[in-house]
Amino acid sequence: SPLPDIFFRKIIEDLPSTDLFIVIGTSLAVGPANSLVHLVPDECLRVVVNNEPVGFRLGIDYSENATRDYFARGTCDGILLQLMEEMGWIDDIENIMHELSDSSKELLHNYLEHKRST
């Protein structure tokens, strides 16, 4: 299905000032969304969260010499929970746990239980 008009308006408004671009759980094979990796500024960091590396044909570089691209291997939920913890947001998320979907509540509960037991 076609993307809404706001998608294209926001590209023009938001991407020129983007300093961190996170790609989550996609093959980067379908346009126009896959073109976004080219539309962020050259100094913008690009993080790909996925089970396998993607985007090589789009110029994403995960080599040791890469300066702007980073591959975070794992499940989207798991990697994003780790990111939230690194950012200091886990307590905030736990405080709104009652507002989350049942599957997100369970995921967060399991993550917190594992964290507390280690």
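My aim in this report is to walk through the structure given alongside it, one point at a time. Since the model is a prediction, treat every value here as computed from it, not as a measurement.

**Re the sheet that holds strand 1 (residues 20–24)**
1) Next: A sheet is described by the order of its strands in space; here 3 strands give the open sequence 1-2-3, paired in parallel fashion. On the outer flanks of this sheet lie strand 1 and strand 3 (69–73), each paired with one strand and no other. Sheet twist, expressed as the average angle between the axes of neighbouring strands with direction ignored, equals 20°.
2) Next: The sheet contact formed by strand 2 (residues 45–50) and strand 3 spans 5 bridges and is parallel. Counterpart to N50 in the pairing with strand 3 is R73.
3) Next: Sitting on the sheet, helix 3 (residues 76–86) touches strand 1, strand 2 and strand 3, and the angle it makes with strand 1 is about 150°.

**A closer look at helix 5 (residues 102–117)**
1) Next: Taking 1.5 Å of rise per residue, the 16 residues of helix 5 would be expected to cover 22 Å, and the 22 Å separating its terminal C-alpha atoms lies within 8% of that figure.
2) Next: Where helix 5 is concerned, the buried positions are L108, Y111 and L112. Axial view of helix 5: buried residues confined to an arc of 95°, hence all on one face. For helix 5, the exposed residues set more than 90 degrees away from the buried face come down to D102, S103, E106, H114 and S117.
3) Next: Packed against the buried residues of helix 5 are helix 3 and helix 4 (90–95).

Basis of the calculations
Residues numbered from 1 in each chain as written. Predicted model: local features only at pLDDT ≥ 70, side-chain atom pairs only at ≥ 80, totals over all residues. Heavy atoms only, no water. Pairing = 2+ DSSP bridges. Helix = DSSP H or I, 4+ residues; strand = E, 2+ residues; numbered from the N terminus. Axes fitted to C-alpha atoms, helices over the stretch in contact; angles between N-to-C directions. Contact = heavy atoms within 4.5 Å. Expected span 1.5 Å × (residues − 1). Buried < 20%, exposed > 50% of the residue type's maximum accessible area, 1.4 Å probe, protein only. Arc of directions from axis to C-beta.

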